[in-house]
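Commentary on secondary and tertiary structure
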Amino acid sequence: MSTEKYLAIDVGGTAIKYAITDKNAEINKINEIKTRRNREELFESLDEIIHPHLNQIAGIAMSFPGKINARKGIVGRVATFKWICDMPLKSILEEKYGKPVWIENDGKCSALAELWKGNLSDVENGMIIGLGTEIAGGIILNGKLYRGSSESAGEISSILTNFKTQDNEKRFGKIGGHKNLTDAYNDKKGTGNIDSYELFEKYKNGDELAYKVIKDYSRTIAAGIITIQSVLDLEKFCIGGGISAQDVLITEIKKSVHEYFEIKSSEAITEPEIERCHFKNASGCVGALYNFLIRENVF
């Protein structure tokens, strides 16, 4: 039985998560460091993660935001790291560390994780929606990851909610990112600067404003789900990202989606199932591992 270990890294806009794992995705602990966004600091952070483990790993599996050419390991454009443009990250890391490296888009990694061993393993057509700094997406069609004609399928942060400005602060990724949730509370309260954990604690303690902003945010995510459903006709959506650990958020999103279909029962689209991602905050690491194992023909 193989005992080879792999380093799985999930680079996000707020944090970089990583774990040592085997080919069965046995993960004892997800470690995390804060994302630093300029070029030098990003590579310093990756070195801080990778270098101490070089002697115990057979390869590096990475989840990364933005448009990724997964076969070549080239990172196109990334909103989080504006200095990146067609960067050969796979080649850079392989040359530096002497280990095989495979990179895939963050939303696609989460979808692969749920397809492999998670809550999309029982459907032919489904999607993950990752609620992070912006919104990641990964689509499963006919039992396989759908990449699109230019590898950018699932970039649902770009969904427009109006067409008034080129920057479009009302696009789905802006209004559905978790920061918009806490900003809505802080702006209305006018004091303090609470984070998402504190916001949900306030909800549990009966704070009426916390209830309202969580409800409004859930309806925003539900509207995105319904929009996507009208195009793709999926069986299931799985919700991921750090805030998906909050039961109330999953409940409110489900409720909002269901309310729409109760009112619009005569429409031609079908109500999908809504679940939390099985791997929760580890889905990026697990999916990156699965992508690595497939690319390396481990199974």
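Structure: see above.
Residues numbered from 1 in each chain as written. Predicted model: local features only at pLDDT ≥ 70, side-chain atom pairs only at ≥ 80, totals over all residues. Heavy atoms only, no water.

Brief notes about the overall build of the protein
The secondary structure content of the protein amounts to nine helices and 13 strands. For a compact globule of 299 residues, the expected C-alpha radius of gyration is about 19 Å, and the protein comes in at 19 Å, within 12% of that figure. With the C-alpha coordinates aligned to their principal axes, the bounding extent of the protein is approximately 55 × 45 × 40 Å. Considering only intrachain contacts with a sequence separation of at least 6, the fraction spanning at least 24 residues in the protein is 63%. (Helix = DSSP H or I, 4+ residues; strand = E, 2+ residues; numbered from the N terminus. Rg over C-alpha atoms; globule rule 2.2 N^0.38 Å. Contact = heavy atoms within 4.5 Å.)

A look at the pattern of salt bridges
For the structure shown, the criterion picks out 16 salt bridges. Glu-151 is paired through a salt bridge with Arg-147; the nearest N and O atoms lie 4.0 Å apart. Here Lys-212 ties to Asp-216 by a salt bridge, and the two come within 2.8 Å at their closest N and O atoms. In this pair, Lys-212 and Asp-216 are both assigned in helix α7 (residues 208-232), four residues apart and thus about one turn of the helix distant. Since its relative accessible area comes to 34%, Asp-216 is described here as partly exposed. Several salt bridges converge on common partners, so that one network encompasses Glu-104, Arg-147 and Glu-151. (Salt bridge = Lys/Arg side-chain N within 4 Å of Asp/Glu carboxyl O. Buried < 20%, exposed > 50% of the residue type's maximum accessible area, 1.4 Å probe, protein only.)

Considerations on the side chain of Asn-105
Summarising the element assignment, Asn-105 is placed in strand β8 (residues 101-105). For Asn-105, a relative accessible area of 1% translates into the label buried. Separated by 3.3 Å, the side chains of Asn-105 and Asp-106 make a polar contact. Setting aside chain neighbours within four positions, we find Asn-105 in contact with Ser-63, Phe-64, Pro-65, Gly-66, Ile-68, Gly-137 and Glu-155. (Polar contact = N/O pair within 3.5 Å; in protein donor to acceptor, adjacent residues only side chain to side chain.)

Looking at the packing of helix α5 (residues 178-189) against helix α6 (residues 196-204)
Look at α5 against α6: their axes get within 9 Å of each other, and the N-to-C directions meet at 60 degrees. Comparing their axes, α6 and α5 come out oblique. Once α5 is placed against α6, the crossing between them reads as left-handed. Residues Leu-181, Thr-182 and Tyr-185 of α5 touch α6, and the partners they reach there are Ser-196, Leu-199, Phe-200 and Lys-202. Residues that form the contact of α5 with α6 fall into these classes: four nonpolar, two polar and one charged. (Axes fitted to C-alpha atoms, helices over the stretch in contact; angles between N-to-C directions. Parallel < 35°, antiparallel > 145°, perpendicular 65-115°, else oblique. Left-handed = near helix turned anticlockwise from the far one by under 90°. Nonpolar A, V, L, I, M, F, W, Y, C, P; charged D, E, K, R; others polar.)

Focus on the side chain of Thr-182
As for its position among the elements, Thr-182 is in helix α5. For Thr-182, the residues in contact, after removing those within four places along its chain, are Ile-194, Asp-195, Ser-196 and Leu-199.

Considering the packing of α6 against α7
Two elements in contact, α6 and α7, have axes whose closest approach is 7 Å; the angle formed by their N-to-C orientations is 115 degrees. The crossing of α6 and α7 is left-handed. Residues Leu-199, Phe-200, Lys-202 and Tyr-203 of α6 touch α7, and the partners they reach there are Ala-210, Tyr-211, Val-213 and Ile-214. Taken together, the residues of the contact of α6 with α7 break down into seven nonpolar, no polar and one charged.

Describing the pairing of strand β4 (residues 60-64)
Along β4, five of the five residues are buried, which leaves the element largely enclosed by surrounding structure. Side chains Ile-60, Met-62 and Phe-64 of β4 all project onto a buried face; the interleaved residues Ala-61 and Ser-63 project onto the opposite face, where all are buried too. In this sheet, β4 lies alongside strand β1 (residues 6-11) in parallel orientation, the contact comprising four bridges. Across the sheet, residue Asp-10 finds its bridge partner in β4, namely Ser-63. Bridge count between β4 and β8: five bridges; the pairing is parallel. Residue Ala-61 lies in a different strand from β8, and its bridge partner there is Trp-102. (Pairing = 2+ DSSP bridges.)

Let's talk about the nonpolar core
Formed by 36 residues in total, the largest nonpolar core has its most connected members in Ile-129, Leu-131 and Ile-225. Elements with a contribution of two residues or more to this core: β9 (126-131), β10 (135-141), α4 (172-176), α5, α6, α7, β12 (236-240) and α8 (247-263). With 10 residues, α7 is the single largest residue contributor to this core. The residues contacting Ile-129, other than those within four sequence positions of it, are Ile-135, Ala-136, Ile-156, Ile-225, Ile-228, Phe-237, Cys-238, Ile-239 and Gly-240. Within the second largest apolar cluster, 27 residues are counted, among which are Ile-60, Phe-64, Leu-93 and Val-101. (Core = buried A, V, L, I, M, F, W, Y, C linked by side-chain atoms within 4.5 Å.)

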